[in-house]
Amino acid sequence: MTGFAALLLLAIGNGEVRAQSEFTFKRLDVTDGMASNYVVDITQDEQEYIWIASESGLSRFDGKRFTTYNISNSNISSNELNVLFYNSYDDAVWIGTQRNGICLYDCKQQRFTRFFRSGELITDDVTNIVPAADGGLWIVHYHLGIDYYSNKEKKFTSYKASDIKGLEGNYWCAADDGKGHLLVGKNTNGLSVVDLKTRQCKNFMHVPNDPNSLPGNCVKSIFIDNTGNIWVGTSNGLALFNLEEGTFTVFRHNPENKYSLISNQVNDIGQDKEGKIWICTYMGGASILDLHANSFTRPEDTHFKNITFTGNKHGLSSPNARCFMQDCFGNIWLGNYRGGVDFLSYKKPDFQTLDFLRMMDGQLIGKQVWGLALDNEGHLWAGGENEIVMFDGKDIKKVISLKDKTIPFTHVSHIHTGKNGMLWLGMYCNGLLKCNPKTTEVTRIAIPDEPDAEVCCFFEEEGILWIGTQEGLYTLRNGAVKREENITRQMPDHMIHGITRDKEGKLWVGTFGK
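Enquirer: Just to check I follow, could you spell out the packing of aromatic side chains for this structure?
Expert: Within a pair of aromatic rings, the relevant descriptors are the distance that separates the centres and the angle that separates the planes. In the structure shown here, the tally under the stated rule is 24 aromatic pairs. Pairing Trp138 with Tyr159 gives two aromatic rings, centres 5.2 Å apart and planes at 70 degrees, and the pair type is edge-to-face. Of this pair, Trp138 sits in strand E12 (residues 137-141) while Tyr159 is found in strand E14 (residues 155-160), placing the two residues 21 residues apart along the sequence. In this structure, Trp138 and Tyr159 share a single accessibility class: buried. When the ring of Phe241 is compared with that of Phe248, the centres are 4.4 Å apart and the planes differ by 15 degrees; the resulting orientation is stacked. Phe248 carries the same exposure label as Phe241, and that label is buried. In this structure an aromatic cluster arises from ring pairing among Trp51, Tyr69, Tyr105 and Phe112.

The following block contains the structure:
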């Protein structure tokens, strides 16, 4: 079968073959100019700049280059950052720091403004900044409580834990449900739901042996999707919260189920423009939940698509996925705590890479591919060193070793699918093999006077298989190979690299260099 081209990457496998991921990431890190690989949050402003917060400063990406901001080169109040929020009302990036309050970066004036405890804030440790239903902002502090900021009045209002019974604790996150409730995630005391009118609080904790309770008491993320579902990320699983009934549908990692949540330590939850939920976790990676493809009748039957740390462009750069953001173009940005940023373009790559991998000395080792062909059933065959492999779509379904029929370290230079379904394998300096793809039987076909011939190409027509080698032209008729001495003698070069016949019946033979 001719006219076929593909781009393929194979790596040798430990006996185990893994399918290629559908994701192709571009990695951004300190070598590209970022402030740090320890990324904690990402946002985008109206000018389409990407802002990346880390524990060693702030970075702004314009699509080509990074600009970094730290206490040495700017008026930012701290290098140790926790959270970013772009406030379109004042065209400013709000930056929550670990111990030095809030900085606002005015995108028009290109300057920083600071807010501290001594002025407007309850305290200087800011763990989360989220939108309020009325257009303001909620500012979560690890200690003491939560601030509300009015964009219209330009002032802060405090919701101190000491003024709201049951809100005591330390706080990681919050979400405004738009129905008069503020949901607050705590470090060890579970989830609180604050009635904003009465300032009354209802608490939810994990209850042992109750499958409908909060899965863990450390709540790092709360997200309300575009249909109003409330998702809660904890240190011991993900939960879908029914606020009216006060119950939780819990999703946890199951090591025996590859479609379960990738890890129980949930850091962040977001939603893309297709409606899919993205869950960032520690010690696992990222999980994607398609709301339309799951019924949620039984949590254990829910199908998550997982992206792990792989060490290549088809996986994450770290198992510690910290945050999710989709930009205005539809691109996905995943911030990793230790691995920088993984960028997934909304446009799928023109070429697909198929992986055949094995682990050697703790590293994934790649192996070159020389020959490619499609068999009569549409399966892709690739020729490597002393073996051929068959792909069925993205998955490798069959590996046929040629070691018993070949010399060490040779490879399959060319593969041709015969009209009868047989695979003809042209070997590097080791002659010709025939393989039955269904039975995997491999037979050596002798080439007269050239047992170590280097086979470079094939051309088949009715009853004849033409074989081009580095030493000349051969034909296979009725199971026997014959050297076409009359044609070879007329060729200016005997290194045959291409054979075909035109519509007028003329045979064309391409040689190396002449």
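Enquirer: What should I look at first to understand the sheet that holds strand E33 (residues 371-374) in this one?
Expert: Sheets are built from strands paired through backbone hydrogen bonds, the pairs being either parallel or antiparallel. Taken in spatial order, the four strands line up as E33-E34-E35-E36 in an open sheet, and their pairing is antiparallel. Where the open sheet ends on each side, the last strands, each with one partner, are E33 and strand E36 (395-401). Direction aside, the axes of adjacent strands within the sheet are offset by 20 degrees on average. Inspection of the sheet shows E33 paired to strand E34 (residues 380-384) by four bridges, in the antiparallel sense. In the strand pairing of E34, Leu372 is matched with Ala382.

Enquirer: Looking at this structure, how should I read unusual backbone geometry?
Expert: Trans peptide bonds make up most of the peptide bonds, and negative phi angles are found at most residues other than glycine. Of note in this structure, Lys154 is not a glycine but carries a positive phi near 60 degrees. Following the sequence through the fold, Lys154 ends up in the loop between strand E13 (145-150) and E14. Unusually for a residue other than glycine, Arg199 sits at a positive phi of about 55 degrees.

Enquirer: Is there a simple way to explain the sheet that holds strand E40 (residues 442-445) in this structure?
Expert: The strand order E37-E38-E39-E40 describes an open sheet built from four strands, whose pairing is antiparallel. The sheet terminates laterally at strand E37 (412-417) and E40, the two strands that pair on one side only. This sheet shows a mean twist of 25 degrees between the axes of neighbouring strands, independent of strand direction. Alignment of E37 against strand E38 (residues 423-427), held across five bridges, turns out to be antiparallel. The residue of E38 that forms the bridge with His416 is Trp424.

Enquirer: How do you make sense of the nonpolar core when you look at a structure like this?
Expert: Inside soluble globular proteins, nonpolar side chains tend to come together where they are buried. Judged by nonpolar contacts, the single largest core of 16 residues is most densely connected at Trp138, Leu167, Leu182, Val184 and Val194. When contributions to this core are tallied by element, the ones reaching two or more residues are E12, E13, strand E15 (171-176) and strand E16 (181-186). Contacts of Val194, omitting those with residues within four sequence positions, involve Ile164, Leu167, Gly180, His181, Leu182, Val184, Gln200 and Cys201.

Enquirer: Which parts of the structure should I look at to understand the pairing of strand E25 (residues 285-289)?
Expert: Side-chain direction in a regular strand flips from residue to residue, so the side chains alternate between the two faces of the sheet. Most of E25 sits out of view: five of its five residues are buried. Between the antiparallel neighbours strand E24 (residues 277-282) and E25 lie two residues, among them Met283 with a positive phi of about 60 degrees. Relative to strand E26 (residues 304-308), E25 is paired through five bridges, and the arrangement is antiparallel. The residue of E26 that forms the bridge with Ile288 is Lys305.

Enquirer: How should I be thinking about the state of the cysteines in this particular structure?
Expert: Chemically, a disulfide is nothing more than a covalent bond linking the sulfur atoms of two cysteines. According to the stated counting rule, one finds zero disulfides in the structure shown. The thiol of Cys201 is not disulfide-bonded; the next cysteine sulfur, from Cys173, is found 14 Å away. Residue classification places Cys201 among the buried positions, given a relative accessible area of 19%. Looking at the unpaired Cys218, the closest cysteine sulfur is the one in Cys173, lying at 8.7 Å. Note on Cys218: relative accessible area 15%, which makes it buried.

Reading the values: the criteria
Residues numbered from 1 in each chain as written. Predicted model: local features only at pLDDT ≥ 70, side-chain atom pairs only at ≥ 80, totals over all residues. Heavy atoms only, no water. Phe/Tyr/Trp six-rings, centres within 6.5 Å; stacked < 30°, edge-to-face > 60°. Helix = DSSP H or I, 4+ residues; strand = E, 2+ residues; numbered from the N terminus. Buried < 20%, exposed > 50% of the residue type's maximum accessible area, 1.4 Å probe, protein only. Pairing = 2+ DSSP bridges. Axes fitted to C-alpha atoms, helices over the stretch in contact; angles between N-to-C directions. Core = buried A, V, L, I, M, F, W, Y, C linked by side-chain atoms within 4.5 Å. Contact = heavy atoms within 4.5 Å. Disulfide = S-S within 2.5 Å.

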